[in-house]
Structure formats: C-alpha cells, structure tokens
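# Overview (structure and organization)
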There are 2 protein chains.
Amino acid sequence: MQKLAALQAYLTDNQLDAAFITHPDNVFYFTGFRSNPHERLLGVFVPVQGESFLICPQMEVPDAKEFFSGTIVGHVDTENAWDKLVASFTIPVAKLAIEKSHMTVERMEFLESRIQGVAFSGIDEVITEMRLIKTEEELVHLREAAALADYAIEVGCSLLAEGKTEMDILSEVETAVKAKGADGMSFSTMVLSGLKTASPHGTPGNKKIEKGDFVLFDLGVIVNGYCSDITRTVAFGEPTAAQREIYETVKQAEEKAVALVRPGVLAKELDAAARDSIEAAGYGEYFTHRLGHGLGISVHEFPSIHGENDMELREGMVFTIEPGIYHPEVTGVRIEDDVVVTADGVEVLTKFTKELLVV
Amino acid sequence: MQKLAALQAYLTDNQLDAAFITHPDNVFYFTGFRSNPHERLLGVFVPVQGESFLICPQMEVPDAKEFFSGTIVGHVDTENAWDKLVASFTIPVAKLAIEKSHMTVERMEFLESRIQGVAFSGIDEVITEMRLIKTEEELVHLREAAALADYAIEVGCSLLAEGKTEMDILSEVETAVKAKGADGMSFSTMVLSGLKTASPHGTPGNKKIEKGDFVLFDLGVIVNGYCSDITRTVAFGEPTAAQREIYETVKQAEEKAVALVRPGVLAKELDAAARDSIEAAGYGEYFTHRLGHGLGISVHEFPSIHGENDMELREGMVFTIEPGIYHPEVTGVRIEDDVVVTADGVEVLTKFTKELLVV
C-alpha cells in the first residue's frame, strides 16, 4: 500500500484527479495480484485521495482477494466493463493519468466516451522511476529467483553428456526448476554448444554436444512474480588455450564491473570498465552488446547499463552484468550475474561459481 | 499482394488516404514477414494508391527482404523511427487508418505530432473480416500444422508409462515436434492425468500418471506462422464403464457438430448440436465452455463458435470443435479437431483417431 501512497503523492503534486493503471506488470506492482486478462479489462483505479479499487473479470475475484485487501469490482462478459469501471469511480475525474505506452487508442476512446471532457496525462515515466528502486520485500523475491537460477545451472552442468542435444538438456533443466517451484522461465532458455555459443542470440536446437565444446546456458526463473537472469559458460572436455584465454578475459571483465558497483557510480562507467578490460586483451571487436539491463517484474526493465547512460546508480537498483566475447572461430563466452546496489556497494544475487568448470 | 490490394479497395471505398498496420500478426498477414520487434517500430504503410512499404529495424531488413518484395525502410536506434516513417510516406496523408485495438496512445501521439491535422479511423474490423476467410495458401500451412499436431499426440501416447510425470511427457512431446520442424507451440501444452482432466484450464505438474487415469493432451504447433490446436483424451489402463460412457458421449457430440459444418449453417447451430447431444446423455452441466474458436495466424481468432453467435459459416473459415465433459468424480474428456468450411461441407485437418485408445 506504500506504493499506492507514493503514486497518490504524485497525483497531488501534479493536480491530477486519479490514475487508471492497466499494464499487468504494473497492476501486480501496485496490488500484488498477477493476472493476464488478455482482452478483458483488468486495472487499478487510484484516486488522488481515498481508497483505490481493483477491477477484474468476475471469475478472478477470489484469486485477487488473496493479494489485494481493498475493494474489488468484478465484471462478467454480459455487462460492459467500461461502464462498470466509470460507475465505480469514487471521485469526479477530469484529469486522468494513464500508461500511454500501454493503453490502446480503442481503450482511451472507451474512457473518453464515458467521462465528459476528460483530459489524459501520461504516468509511464513515474511508474518506471518507482519500479527502478526495489523494496526489501521485492529483494526477497529476487534473491529467491536468483537462487533457483543457480540451481538450474547446477542441473544443466550435471546433465552434460555426449550424445545429448541442446534441446534435451534445455527440457530437463526447465522441468527441474519448475519442479522446485518456479512459476515459469523469465524468457526462452538458451543452451548453446560449440561455435553456436558465438551467436549472442542463438537458438538451441538438435545439435549434439561434443567433447571440446563450450556450452553456454542463459536462463532465468520467475518466483513470486520476480525474474532472475543468469549466464554461465562451461567447458565440456578439456578446453584449448585459446578457449581458456577468452574465458578468463570475460571473467575478469565481469568481475571488474561488479566490483565497481555502488551508489553514485554512473551506469556507463560499469560498461566502460568491462569493455576496456576486454579491449585491452585484444577482443574488443567481439563484445557486441551492452553490459546489462535492469531486472525485476520484467526481465528487461530500467536501468539499461550501456555506454551512453549517464544515470547515477542508487541503492535498491537491480540489474544484470553480462559481458561476452563472441569469437566465430574459437568460441563464445558470456558470464552474467544479477546484482543489487546496496548502501555502500553491491550484493551479487547469483552465486554459481565463475571459475571455468571443466565437465 | 492480393491482400494489400483488397485493403486498398477498402481505403478507396471509405475515402481514406492510407493505412498504417503495426500488429505483428497483421504485418505477417499482409507481407509474409514475421517479427516481434518489441518496443521498436515495425509496420506496413499502405497508401490508397501505389506501392506499400514496410518499415522495420535495420538489422531485420535482410530477413524481411526474403518475404516482402516491396520497398523496405530500415531504421537504426540512433535515429527517430517515426520521423523516418512520416518522411517515407508516398502520398499526403490526412485520413489514416490504424488498428485502434493495438496502437498505443503514445504511438498515436507520435503520429499526430508529425502529421499536421491527421484524423484517425479504425481498421481493426476490416482486417478481422479479411483474416476470417483463409486463402488456399494459408490452408496449406494450416494442414501442415495440423499434421504435426497429430504427430505430437502420437508421440504423447507412445510415451505413457507408469512413474512418468505430466511434465516429463510434455517436455518430450515438445522436443519431438520441434525436432520435426515446428516453429514453436501455439500455446502452453497441456498434459493432464487422472481427475486433473476435469479442469478445463488445468496446469500440468509433477503428478505421476497411474493405471486407471485418463490422460488429456491439448496442444498446438506453429508451422510457417500458422497454428494448430488439438485435444485427445486417452485411457492409461483399462477404463471403467463410467469413464467409457463419458468418452463416448463427448465423441458423439463432437462428431455431430463436425458433420453439420457447411456454408450457410450458423455458428450457434454447431454449438447447439454438440450441447444438445451432451445434455440428452445427462451430462449437460459438465460442458462448461463454448464449442470452439477460430484458428489461423492466432490460436484464438474469429469466428467464435458459441451459442449466441448468429454468424453464417462461409467457405474458407477455419475453427476448432472441442466439446468436453468435466466430471469431478469420474474424469474429464475433451476431443478437439480443427476444421475448414469447404464449398459444400467440411475438411477435418486433424486426423488422429477419435476411437478411445487404451494404452
């Protein structure tokens, strides 16, 4: 409810009457209720003063009650959800804040036709800014999601065997983490082997893993609505000197960036630390993407950790650090951790070893 | 290109200058190019006269060229995609058709700020109506997707064994169809066993299948951008008389509805045929959902086959027929086929047997 109060303070400061929030991630953020209503109406109405209410399909009301203690307005398919929404408003609304980057034109017109003379204002940036700094409760979930990602890597490594395909291993890893209580995966799991590791966005397939391959796992797990995202690259069979050198270069770059994390440092300084380290080793041209991305309810959110981002790190920000070298003739290697900015430094959520494992 | 011509005819008839289409499914429908650009701009600009162009991220241009022979405008992250879009317009635009149920308010405002005095008109229903009737080329893909769904059921049945969990079987089935060339699954695969079959929206888990269980597979496969959707329920071990009776009741209802399909019949008549058949057998209260849904680029599209839909079936419509009985103490059974309305009847795309299999 602290989050709703913060939103109301913004509405007061900006002389807005209310906000109507409909992005499922944001509804979850403000109410704790996670749902994907597809075409049906789901939203939180937040008046500048007084109690907020949730509107959702009637069949979801019992579920919603477990998470949200305020008023819940249910609607059924035989009634007009938008009429019901506007009839439930607790105050007169002339200025309404909406998520302009999420609400469709059709839905805005539904509101316009029902609220005489309403003016809309965008609330997207305000919510982005709020979600940027995680609460202690959010960190609890993120730690749990990271622990399960560590477990997934452990399972993945234990499965490596000649004759198995990338897809075999991928399926078994996903089954294992779901059995341990993951709500789902944060994104399509990646298990790549051999020179396929040299593609940052490669697709796992029926390639069998072979002795001498590096195997790259990039995966994440959702726990209580929060995402983790980890990458580890391991050697299947004894690596060559060239493979080892690339591995150690990425590891050093990753550790340098992690060591730098604390309030006041700029996002771009992290990117530069890792990039400079890789460039100094002569692999600069093979590190072709940004260093990392924010993490929370979405697997990609703010802050973005790239070379142009002047944003100062603040306590409570959570993001990935994931440098990589993609050498088309030797191997690809990426190492990725999830980190939290603490009052005076960094907490690393993902704890699986970064020493080169030879399986 | 025939599809673009049909859209231009609509623009002419309605005195619109152009349409700008951005829903990835619709972009695929009109250009053959399938992409999910996330936040980045992807769209087709269709002027009332002359050539249409595609706009997409620069890195996707090579891919797009394989599918779309017209002009392709690429944009990079360092330039404004909306400026580039408007600068590429081939005619003056005062009246622009957009997908109001897909375009966000933010994007509409981007256009508004760049096109002096533009007026928007919704094009959603027109595209829905076009997509409702499949071309012969689309049917080729749908047949292929259905054949692979049949194969998935075959694999699923061959995997049934004591001690295996629903998730084990699910993973193996998905791996098998992806190995056969499926682009992906149409939706989250469902493998339910025992009394879990009695929940129309159950979630597969770590329940082990046991002798005496019915096992329900509900799954679909995407091939060349087109979806299939099949359900079969099979017996693991000798079924009881009560289980058999429910099975035969669903099978009869399904076959009655399928037999009725031809141009001119109303959607609701199909629903009624299946429902009456189940009610006559005394199981009416356990058939709790509509009979079926349209199928194509989306796994749920028009027409909806329910008791209130007065729409006349027309040649080229494709939809599912999927009655079910969900008896909480005996078993759930659902049988689902994908069908096409032909000139004088029906073509059933899914061909896996509907006789009760005892594995």
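Residues numbered from 1 in each chain as written. Chains lettered and ligands numbered in written order. Predicted model: local features only at pLDDT ≥ 70, side-chain atom pairs only at ≥ 80, totals over all residues.

Another aspect to go through is the relation of the copies chain A and chain B. In the superposition of chain A on chain B (RMSD 0.0 Å, axial shift 0.0 Å), the rotation amounts to 180°. The transformation relating the two chain copies, once decomposed into turn and shift, fits a two-fold axis. The rotation axis passes nearest to the C-alpha of threonine 104 of chain A in chain A, at a distance of 2.1 Å. Most of the interface of chain A is mirrored in chain B, where 100% of its interface residues again form contacts. (Least-squares fit on C-alpha atoms with pLDDT ≥ 70 in both. Contact = placed C-beta atoms within 7 Å.)

Residues and elements named next belong to chain A. Contact pair helix α7 (residues 136-159) / helix α8 (residues 166-179): the axes reach a minimum separation of 9 Å and the direction vectors enclose 140°. Judged by the angle between their axes, α7 and α8 are oblique. Of the two possible hands of crossing, α7 and α8 adopt the one that is right-handed. Note on element contacts: α8 touches α7 through Ile169, Glu172, Val173, Ala176 and Val177, opposite Leu148, Tyr151, Ala152, Val155, Gly156 and Leu159. Taken together, the residues that form the contact of α7 with α8 break down as 9 nonpolar, 1 polar and 1 charged. (Axes fitted to C-alpha atoms, helices over the stretch in contact; angles between N-to-C directions. Helix = DSSP H or I, 4+ residues; strand = E, 2+ residues; numbered from the N terminus. Parallel < 35°, antiparallel > 145°, perpendicular 65-115°, else oblique. Left-handed = near helix turned anticlockwise from the far one by under 90°. Nonpolar A, V, L, I, M, F, W, Y, C, P; charged D, E, K, R; others polar.)

What follows is about the sheet that holds strand β9 (residues 214-219) of chain A. All names here are of chain A. Read from one edge of the open sheet, 3 strands run β8-β9-β12, paired in antiparallel fashion. Strands at the two margins of the open sheet, each flanked by one partner only, are β8 (190-193) and β12 (230-235). Strand after strand, the sheet turns through a mean of 10° between neighbouring axes, direction not considered. As defined by bridge partners, β8 adjoins β9 across 4 bridges and the pair is classed as antiparallel. Pairing of leucine 192 across the sheet is with leucine 216, part of β9. (Pairing = 2+ DSSP bridges.)

For interface size, the figure often reported is the accessible area lost on association. Residues and elements named next belong to chain A. On domain assignment, one finds that chain A holds domain 1 (2-131) and domain 2 (136-348). Using only C-alpha atoms to locate each centre, domain 1 and domain 2 end up separated by 36 Å. At the interface, 6 residues of domain 1 touch 6 residues of domain 2. Listed by contribution, the elements that provide at least two residues to the side of domain 1 that touches domain 2 are α2 (24-31) and α6 (124-132). Sort the elements by how many residues they give to the side of domain 1 that touches domain 2 and α2 lands first, with 3 residues. Residues belonging to the side of domain 1 that touches domain 2 are distributed by class as follows: 2 nonpolar, 1 polar and 3 charged. (Domains from an automatic or database assignment.)

Every contact between the two is made by 17 residues of chain A and, on the other side, 17 residues of chain B. Mapped by element, the contributors of at least two residues to the side of chain A that touches chain B are α5 (105-114) and α8 of chain A. Ranked by residue count, the leading element in the side of chain A that touches chain B is α8 of chain A, at 6 residues. A per-class count over the side of chain A that touches chain B returns 6 nonpolar, 6 polar and 5 charged.

Right, let's talk about the pairing of strand β6 (residues 119-122) of chain A for a bit. Along any regular strand, the residues point their side chains to alternate faces of the sheet. Residues and elements named next belong to chain A. With 4 bridges joining them, strand β5 (residues 95-98) and β6 adopt parallel strand pairing. By the bridge assignment for β6, lysine 95 is matched with alanine 119. Regarding the hand of the β-α-β motif, the stretch spanning β5, α5 and β6 is right-handed. (Right-handed = clockwise from strand over helix to strand, strands pointing away.)

Because the α-helix completes a turn every 3.6 residues, residues three or four places apart line up on one side. Residues and elements named next belong to chain B. Its 14 residues place the ends of helix α10 (residues 267-280) 20 Å apart at the C-alpha level, agreeing with the 20 Å of an ideal helix rising 1.5 Å per residue. Every buried residue belonging to α10 is among Ala267, Leu270, Asp271, Ala273, Ala274, Arg275, Ser277 and Ile278, and all of these are buried. Of the surrounding elements, those touching the buried residues of α10 are α9 (241-260), β14 (301-305), β15 (318-321) and β16 (324-327). Note on α10: the residue one or two positions beyond its end, glycine 282, has a positive phi of about 90°. (Expected span 1.5 Å × (residues − 1). Buried ≥ 20, exposed ≤ 12 C-beta atoms within 10 Å, placed from the backbone.)

So, about the pairing of β9 of chain A. Residues and elements named next belong to chain A. Taking burial as the measure, the 6 residues of β9 include 6 buried ones, the bulk of the element. Of the two faces of β9, the one lined by Phe214, Leu216 and Asp218 and the one lined by Val215, Phe217 and Leu219 are each fully buried. Relative to β12, β9 runs antiparallel, the two being bridged by 6 bridges. Residue pairing across strands places valine 215 opposite valine 234, the latter belonging to β12.

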